[in-house]
Amino acid sequence: MTYKISKLSILFIFATLVFSCKKTDQTILIEENPIAKKSITEQRQYLSNNFKQLMKELKPIFLDTDLKNILYSEVAKKFDGDDNVLIKTLINNPLIAGKINNENVNTLLQAFYNINGRNYHPQIYIPNFNKHSTRQNLRTTTGEAIEVIFYDGNETVLEVPTYTYNEDGDVVPTGLIADEADAVARPLYVLGLNEGPEEPIIYGTSGVTNTTSTVNAKIQYLTIFHRNESWLAGASEVSIKALSTTWNHNVMGVSTNPQISINTIRTTSSNQGHEILKIARVLCGVEQMVNYSIQENWAVTSFSSDPIVYTYVIFEADAWPAPIKSAASKIPSNPNPSSDKDFFSFCSADEAYGAHDENMPSVNYAIYGKTSGLTNNFQYLFYDGHTIQTADIRYNIKKN
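Residues numbered from 1 in each chain as written. Predicted model: local features only at pLDDT ≥ 70, side-chain atom pairs only at ≥ 80, totals over all residues. Heavy atoms only, no water.

**A word on the sheet that holds strand β13 (residues 309–316)**
In step 1: Taken in spatial order, the four strands line up as β11-β10-β13-β17 in an open sheet, and their pairing is antiparallel. Either end of the sheet is taken by a strand with one partner, and the two such strands are β11 (274–279) and β17 (367–368).
In step 2: Here strand β10 (residues 236–245) runs beside β11; their pairing, made up of five bridges, is antiparallel. Among the inter-strand pairings, E237 is bridged to a residue of β11, identified as K278. (Pairing = 2+ DSSP bridges. Helix = DSSP H or I, 4+ residues; strand = E, 2+ residues; numbered from the N terminus.)

What follows is the structure in structure tokens.
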């Protein structure tokens, strides 16, 4: 069969090699992927088209007994806490590399590079893996019927078609439609993009030293009540982005000074944020002890001048092509409505968790490291003992 790839992929995959004077030094510049500027419908079709080609190239992994054993062994490692494995991990295995066309697979993997400045990594996810992995015939039966699903990030679709191989090795529809119940009844293999953060930047705390006037804070317990994730994508990636500032959002708390937002250890430019934890679907509504640090060396001595306000957003992180959403964290002590919020962008199909007011669904209240000067009975926002509970989330903040 002749290997085919879309014109769009060819345009993107073209790379420019830039060589320095030394022959040993070279930089590969990959052009920005033009799919990022297409419509959401075209983006989802792009995913499905490339996943179909990828499935064809990965046929030995699904149909060869030894390679399927490797697939199941790698998924069992739960490298990011979920029942999945990256394709790039599988093809680095010498047994798999010897039975597939590595060049073709790597070309297809590169079709998801440099999308809005980020590289995405295709994965194989097996829903209800623990149940299915105990059936040894899944690993040892040659020619077992395989059903693969292409997950394009559309969380509104609950029933999806499945694909398999015909006698010629081509990818064809099975004619079956699968839903979440089918994933319990039989093994389904989902080709999708890994949704975990890609090494988000961790910023410092503006040189604050650890003295008796600073504190550390953590999320102690956390419960998620809404499954803000498709059954095709597995666990929910509960994530956070944060900043800090003064009581009135101005430098040193002086109203005539410019506005300031200060980096914390959970500040990041990544729209995926920092992952707090993954919540499996079966654990929705079950309290989790996370002890997740949200700030270190937090200066809280002076209410009037220190960065005592911690603004943040907690959300379910999704991979492209999920939309970029925005949420705000309100500073109750700031009387100026034009500067009483920090705004955060994040990649998700859902709104942020923990809105404090039904009339403002994308706004939460900031957390305070010192509340002695805070008026209007907002003392419950004090970080040590602060608890939030809404329809979709419950968690508490404690001194670490």
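Having seen the model, we can carry on.
**Looking at the packing of aromatic side chains**
In step 1: On inspection of all chains with the given rule, the structure shows 17 aromatic pairs.
In step 2: Here F62 and Y165 contribute two aromatic rings whose centre-to-centre distance is 6.5 Å and whose plane-to-plane angle is 45°, an arrangement assigned as tilted. Here the residue F62 occupies a position in helix α3 (residues 59–63), and Y165 occupies one in strand β6 (residues 160–165), the gap between them amounting to 103 residues.
In step 3: With a relative accessible area of 11%, Y165 lands in the buried category.
In step 4: Ring geometry for Y72 versus Y189: centroids 6.5 Å apart, planes at 70°, classification edge-to-face. Taken together, the positions of Y72 in helix α4 (residues 65–76) and Y189 in strand β8 (residues 189–193) put the pair 117 residues apart, joining distant regions of the chain. (Phe/Tyr/Trp six-rings, centres within 6.5 Å; stacked < 30°, edge-to-face > 60°. Buried < 20%, exposed > 50% of the residue type's maximum accessible area, 1.4 Å probe, protein only.)

**Quick look at the pattern of salt bridges**
Pairing of side chains with opposite charge becomes possible as their charged atoms draw close.
In step 1: The final tally for this structure, using the stated rule, is 14 salt bridges.
In step 2: For K78, the salt bridge is made with D83, and the minimal N-O distance between the two is 2.1 Å.
In step 3: Owing to a relative accessible area of 12%, D83 belongs among the buried residues under this scheme.
In step 4: Between R281 and E180 there is a salt bridge, with the nearest N and O atoms lying 2.8 Å from each other. With a gap of 101 residues between them, R281 in the loop between β11 and β12 (288–299) and E180 in helix α10 (residues 180–185) connect regions that are remote in the sequence.
In step 5: Judged by its relative accessible area of 16%, R281 falls in the buried class. (Salt bridge = Lys/Arg side-chain N within 4 Å of Asp/Glu carboxyl O.)

**Some words on the nonpolar core**
In step 1: The biggest cluster of nonpolar side chains holds 43 residues, and the ones touching the most others in it are L71, I87, F112 and I124.
In step 2: Those elements that place two or more of their residues in this core are α2 (40–57), α3, α4, α5 (87–91), α7 (102–110), β5 (148–150), β6 and β8.
In step 3: Leave out the neighbours within four places in its chain, and I124 touches F62, L71, V75, D83, N84, V85, I87, L90, Y189, V190 and L191.
In step 4: Grouped together as the second largest cluster of nonpolar side chains are 26 residues, I240, I279, I393 and Y395 included. (Core = buried A, V, L, I, M, F, W, Y, C linked by side-chain atoms within 4.5 Å. Contact = heavy atoms within 4.5 Å.)

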